[in-house]
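# Notes for the structure review
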Amino acid sequence: MKQQLPDFFIKRLEQQYGKELLETIVAGFEKKRYTTLRVNTLKSNNQEIEEVLKDNNIEFEKANISDNAYILKNANEIQIQDLEIFNQGKIYLQSLSSMLPPIVLGPKENLDILDMAAAPGGKTTQMAAISNNKAHITACERNPIRAEKLKYNLEKQGASCVFCMVKDARDIDNFFSFDQILLDAPCSGSGTLDLENEKLGKYFTEGLIDKSVKTQKQLLNKAINILKKDSEMVYSTCSILQEENEEVIRNALKTGKVEVVPIDVTELGDLPILPTTIEGTLCLMPNEYFEGFFVAKLKKK
Ligand code: SAM
């Protein structure tokens, strides 16, 4: 049975975005999202993947956000998982929204990069691929079981430039410093709620949001401490609530140590953009192509 979005969430969305946008957001949650994938350029290329998709009668179109992102029109994740290209790590099933933070960060060869909350590794392996395995990536994950999944994915995707650290990122020693940081923070998941999930009302609670905000602020504070001066980082969540997004960023801006670097969306195609209360940050609403997501780029002064 289809679930309703919880009342407290509807109220917060209406307060934050107004009645009209609330309706569009709710309609977005009710749409079925297309399966999307990223071609793993460490192991394959677009031509090989397009041929395999055609041979399997899978209709696809390219997504504008990246040359390696594909939208599948008539296949679900389970069907894709049966293909050799999936088992060989030549593709990675990844939502389009979730591909944005690494694209916005732009991982560079030879730089020391920290992925602070990394499992299962979608964005870590994407950063390894963008840098052609030439960046020095440290992937941190607190949960040991999720860290195992991360290691499995790194191996499968051939992301050999990644060192894995099973640790609470809040405890990373301030002695370390990084040229680029991705903080894809643990969040309430308010942008990716699944109305088919009968447990929705049980796990998606105001308590979860409060707990997430606390951890997000602590993690961002740590990220700022270990980011090198004049270097950039990306903060992202799969939430569309301002508490977990702009408020966390505002809290960081108050320290006076970082500034917002405006995200240039002109090359990312047609995005379902939600207004944000901090200029230059990006929030997407859920629709048939995108999950609800937030991305902000910060520079250490
Ligand atoms: N970046 C991942 C990807 O693209 O595949 C998804 C990350 S998920 C949003 C957040 C992850 O952070 C979870 O795996 C969670 O276990 C981990 N996490 C939560 N608190 C953490 C902490 N204090 N330190 C490190 N990892 C943490």
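To keep things clear, this report deals only with the structure shown in the data block. (Residues numbered from 1 in each chain as written. Predicted model: local features only at pLDDT ≥ 70, side-chain atom pairs only at ≥ 80, totals over all residues. Heavy atoms only, no water.)

## Overview of the packing of helix 5 (residues 96-105) against helix 6 (residues 122-130)
For clarity, the cut-off: Here, axes are lines fitted to C-alpha atoms. For helices the fit covers the stretch in contact, and angles between N-to-C directions go from 0 to 180 degrees. A run of H or I in DSSP becomes a helix once it reaches four residues, and a run of E becomes a strand once it reaches two; helices and strands are each numbered from the N terminus. Roughly parallel means an angle under 35 degrees; roughly antiparallel, over 145; roughly perpendicular, 65 to 115; everything else is oblique. The crossing is said to be left-handed when, going from far helix to near helix, the turn is anticlockwise and less than a right angle, and right-handed when the turn is clockwise. Note on contacts: a residue pair is in contact if any heavy atoms of the two residues lie within 4.5 Å.
Taken N-terminus to C-terminus, the directions of helix 5 and helix 6 make an angle of 40 degrees; their axes are 9 Å apart at the nearest point. By the angle between their directions, the pair helix 5 and helix 6 is classed as oblique. Handedness of the crossing formed by helix 5 with helix 6: right-handed. Facing Ser98, Met99, Pro101, Pro102, Ile103 and Leu105 of helix 5, the residues of helix 6 in contact are Lys123, Gln126, Met127 and Ile130.

## Section: the pairing of strand 6 (residues 136-141)
Just so we agree on the cut-off: Accessible area is worked out with a 1.4 Å probe on protein chains only. A residue is then buried under 20% of its type maximum, exposed over 50%, and partly exposed in between. A pair of strands counts as paired when DSSP detects no fewer than two bridges linking them. We call a crossover right-handed when, viewed with both strands directed away from the observer, the connection leading from the first strand over the helix to the second proceeds clockwise.
Counting buried positions over the six residues of strand 6 gives five, a clear majority of the element. The sheet contact formed by strand 5 (residues 112-115) and strand 6 spans four bridges and is parallel. Bridge assignment links Ile113 to a residue of strand 6, and that residue is Ile137. A crossover connection joins strand 5 to the parallel strand 6 through helix 6; in handedness this β-α-β unit is right-handed. Judged from the five bridges that link them, strand 6 and strand 7 (residues 162-166) form a sheet pairing that is parallel. Directly across from Thr138, in strand 7, lies its bridge partner Phe163.

## Describing the pattern of salt bridges
Under the convention used in this document: Within this document, salt bridges are pairs made up of a side-chain nitrogen of Lys or Arg and a carboxyl oxygen of Asp or Glu, the two lying within 4 Å of each other.
Within this structure, the stated rule accounts for 15 salt bridges. The partner of Glu14 in a salt bridge is Lys19, and the shortest N-O contact between them spans 3.5 Å. Counted as one network, the salt bridges with shared partners bring together Arg12, Glu206 and Glu243.

## Some details on the site of the ligand
Put simply, the rule reads: Distances are taken per atom, and a residue is near a molecule or strand as soon as one of its heavy atoms is within 4 Å of it. Here a polar contact means two N or O atoms within 3.5 Å. Within protein one must be a hydrogen donor candidate and the other an acceptor candidate, and residues neighboring in sequence count only if both atoms are side-chain atoms. Methods summary: accessible areas were calculated by the Shrake-Rupley approach with a probe of 1.4 Å, and residue burial reflects only the protein chains presented.
Around the ligand, 20 residues are found, and the nearest of them are Glu141, Arg146, Asp168, Ala169 and Asp184. Between an oxygen atom of the ligand and a main-chain N or O atom of Gly121, the distance comes to 3.1 Å. Here Lys123 contributes a side-chain N or O atom positioned 2.9 Å from an oxygen atom of the ligand. For the ligand, whose unbound accessible area comes to 610 Å², protein coverage reaches 88%.

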